[in-house]
Amino acid sequence: MDHTQLSVIDLFIIGAYLVSMVAVGVYFMKRIKNTGDYYVAGRSLGPWVMMATVCATIIGGSGLMGRAGVAYSSGTKAVITAVPYVLGMFIFSGISGRISDIGMRYGVTSIPDLFDRRFGRTAKLLLAAMVAFTMMGTVASQVTATATIINMLGNQVGLSYEAGALIACIIFMIYTASSGLFGVVYTDVLQFYMLLIFVYFLIPGATLFHIGGFSTFAANLDPALVKPYINGSIVGDILTYLVFTMAGAEMWQRALAAKDRTAAKKGMFLGTAVYAVTIALMFFMGIAAHQVIGGDVLAQYGSTDAVVPALAIRVLPIGLTGLALAGLLSVIMSTADSYLLVSVQTCVHDIGKTFFPKMKDRTEILLSRIFSIILPLGALVIALYIKNAYNILMFAWSFYAAAAGLPAFAALFWRKATKQGIIAGMASGFVVCIGWKLMGEPLGLGSTVPGTIACAIALVGVSLATYQKSPSVFLESKKAA
């Protein structure tokens, strides 16, 4: 069973999978009749489709390969930083019904759309700019993970990390540009089942078998890898994950695409529950890699992101290796297309249509497809500069969580939030977060912590000071009786 090189059969399986994903995107092109179809799939998603697309979106290259890499290099940090995200997503599951109701009643299709209706154009544009960059950074983390796999696959034919990153971008471009959320969601469903079969069962099971069973694994386990610890950087990551969930534009898009509030809440809850299982599996694979591969994954492959694909190559037989790596790629692609589509929607619909409100649907869809080609190039640049999926993700999410998390929650639930308060909160959170990073994160504390505190103080203080003179319009989720 033990081998270190891929066979022609494995490479053929992986290539066939990538081609099929592009074909699915092209097939769903005919379902696109208007921008509602492109961005929110005609608000047609039921709870089980919601579950699959939510889970497949959450578990991307950074959440799978990146987190396993963190477990490999830093032990329990992989779990400690993941649990707050799960808790945040369960909270978001509870409020997703309100998001769905507001979307249905007011025609809201994105989180900047909500800001526009409550706080006006300036607040909308500020948030949209942050969403676009954050989503592009998240796509970059998926490009990095995909490039790592392609580089490992292509060593036999001379494919570099840079070539892998370019190939990843081209694939993301084609099927996101073709079909919008329809194609994204229904490829997510397929990728969800591939995730269950190959990532949840095949690779962990084969790894445990390769080691010699759980008793052998436990006997050879380095105690340092399972010893809980915390530091300022981890505190920053914890708050980033927890607060980010309130304003995660990709999950807002899913909630707004649900056919009703029940589908939104149930789908979000189930998808999050499945993700919770993933945390344990990624932790296991990360620490088990020490016993299967050894302690020099970084030296061998150039990135700890390579832990899971390296395990697959080492412990699986020919054929199953190709299927497992196709499953890994499917998980990454399901996340990349989701974040790319949000970034496109933000640039074209939320920003472009603000300046050109009479833009026709046909023009908007065309521009969306063009931006689906342009934006991945920005993600490519980021991926070439920071070659670690987890690091890219935290870079992109930290300032967005600090600047947008609390304002998004306030936009949904706080009647006294004002335009001035929201803008002050976003600006303060962003400036303090970036400033803290530039100062080298004093005391070792992650920049999201002071950024979020600054955002809260400015948001609440300015809103209370301006509420009487400048109240905002509060959006009710249900019609008054």
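Residues numbered from 1 in each chain as written. Predicted model: local features only at pLDDT ≥ 70, side-chain atom pairs only at ≥ 80, totals over all residues. Heavy atoms only, no water.

Draft legend 1. View of a nonpolar patch on the surface. A contiguous nonpolar surface patch, about 320 Å² in accessible area, is contributed by Val83, Leu87, Ile91 and Leu242. In terms of residue count, the dominant contributor to the nonpolar patch is helix α6 (residues 83-106) (three residues). Examined against the element boundaries, Leu242 turns out to sit in helix α11 (residues 232-247). Judged by relative accessible area, which is 32%, Leu242 ranks as partly exposed. (Patch = residues over 30% accessible without salt bridge, like charges linked within 9 Å, V, L, I, M, F, W, Y side chains within 5 Å. Areas by Shrake-Rupley, 256 points an atom, 1.4 Å probe, with all protein chains shown as cover. Salt bridge = Lys/Arg side-chain N within 4 Å of Asp/Glu carboxyl O. Helix = DSSP H or I, 4+ residues; strand = E, 2+ residues; numbered from the N terminus. Buried < 20%, exposed > 50% of the residue type's maximum accessible area, 1.4 Å probe, protein only.)

Draft legend 2. Broad picture of empty space enclosed by the protein. Scanning the model with the defined rule gives two cavities of 30 Å³ or more in all. Within this model, the second largest cavity holds a volume of roughly 60 Å³. Element by element, the count of residues in the lining of the second largest cavity is highest for helix α16 (residues 320-355), at four residues. Residues belonging to the lining of the second largest cavity are distributed by class as follows: six nonpolar, five polar and one charged. (1 Å grid on protein atoms, 1.4 Å probe; cavity = no way out; pocket = protein on both sides within 12 Å on 5 of 7 lines; lining within 4 Å. Points joined across faces, edges and corners; volume = space filled by probe spheres on them. Nonpolar A, V, L, I, M, F, W, Y, C, P; charged D, E, K, R; others polar.)

Draft legend 3. Representation of helix α13 (residues 261-292) in the model. Relative to the 46 Å expected for 32 residues at 1.5 Å per residue, α13 spans 46 Å between its end C-alpha atoms, a close match to the ideal helical length. Once α13 ends, the next one or two residues include Gly294, with phi positive near 110 degrees. (Expected span 1.5 Å × (residues − 1).)

Draft legend 4. Spotlight on the pattern of salt bridges. Going through the model one piece at a time under the given rule, you end up with three salt bridges. Of the charged contacts, one joins Asp101 and Arg261 as a salt bridge, the two residues approaching to 2.0 Å between their closest N and O atoms. Pair noted here: Asp101 is in helix α6 and Arg261 is in helix α13, with a separation of 160 residues, a long-range link. Close ionic contact of Glu441 with Lys437 constitutes a salt bridge, the shortest N to O distance being 3.7 Å. When its relative accessible area of 31% is taken as the criterion, Lys437 is described as partly exposed.

Draft legend 5. View of the packing of α6 against α13. Where α6 contacts α13, the axes come no closer than 7 Å and their chain directions differ by 170 degrees. Classified by the interaxial angle, the pair formed by α6 and α13 is roughly antiparallel. Its residues placed into classes, the contact of α6 with α13 shows 13 nonpolar, six polar and four charged. (Axes fitted to C-alpha atoms, helices over the stretch in contact; angles between N-to-C directions. Parallel < 35°, antiparallel > 145°, perpendicular 65-115°, else oblique.)

Draft legend 6. Just the nonpolar core, in detail. Of all hydrophobic cores here, the largest spans 139 residues; its most connected members are Ile111, Val143 and Tyr400. The dominant element in this core, judged by the number of residues it contributes, is helix α9 (residues 161-211), at 17 residues. With residues near it in sequence (within four places) discarded, Tyr400 still touches Ile111, Leu127, Met130, Val131, Thr134, Phe244, Ala247, Ala249 and Gly405. (Core = buried A, V, L, I, M, F, W, Y, C linked by side-chain atoms within 4.5 Å. Contact = heavy atoms within 4.5 Å.)

Draft legend 7. Representation of the packing of helix α3 (residues 47-58) against helix α12 (residues 249-257) in the model. Remark: α3 packs on α12, axes separated minimally by 11 Å, with the N-to-C direction vectors making an angle of 170 degrees. With respect to each other, α3 and α12 are oriented roughly antiparallel. Across the interface between the two elements, Met50, Thr53, Val54, Thr57 and Ile58 from α3 touch Glu250, Met251, Arg254 and Ala255 from α12. In terms of residue class, the contact of α3 with α12 is built from five nonpolar, two polar and two charged.

Draft legend 8. How the structure looks around helix α17 (residues 361-385). When the terminal C-alpha atoms of α17 are compared, their 36 Å separation across 25 residues agrees well with the 36 Å that a helix rising 1.5 Å per residue should span. Considering bend angle alone, the principal kink of α17 is centred on Ser372 and spans about 25 degrees; proline Pro376 follows within four residues of it. Looking at α17, one finds that the buried residues are Glu364, Ile365, Ser368, Ser372, Leu375, Pro376, Ala379, Leu380, Ile382 and Ala383. (Bend = angle between axes of the 7 residues up to and from the residue.)

Draft legend 9. Molecular detail of the environment of Gly88. Along the chain, Gly88 falls in helix α6. Once the C-alpha coordinates of Gly88 and Leu239 are considered, the two residues, 151 residues apart in sequence, prove to be 9.9 Å apart. Other than its neighbours up to four places away in sequence, Gly88 contacts Leu242, Thr245 and Met246.

Draft legend 10. Expanded view of the confidence of the model for the chain. For the chain, mean pLDDT is 81; residues scoring 70 or higher make up 85% of the total. Within the chain, the lowest mean pLDDT, 51, falls on helix α2 (residues 35-40), and the highest, 95, falls on helix α20 (residues 448-466). (pLDDT = per-residue confidence, 0-100.)

Draft legend 11. The arrangement of the packing of aromatic side chains in detail. Going through the model one piece at a time under the given rule, you end up with 13 aromatic pairs. Ring-pair connections join several aromatic residues into one group, and the members of that group are Tyr85, Tyr241, Phe244, Tyr275, Trp397 and Tyr400. (Phe/Tyr/Trp six-rings, centres within 6.5 Å; stacked < 30°, edge-to-face > 60°.)

Draft legend 12. Just unusual backbone geometry, in detail. With a phi angle near 55 degrees, Glu441 is a residue other than glycine that sits in the positive phi range. Despite not being glycine, Leu443 shows a phi value in the positive range, around 65 degrees. With respect to the helices and strands, the residue Leu443 is situated in the loop between α19 (419-438) and α20. According to the relative accessible area criterion, Leu443 is exposed, its value standing at 83%.

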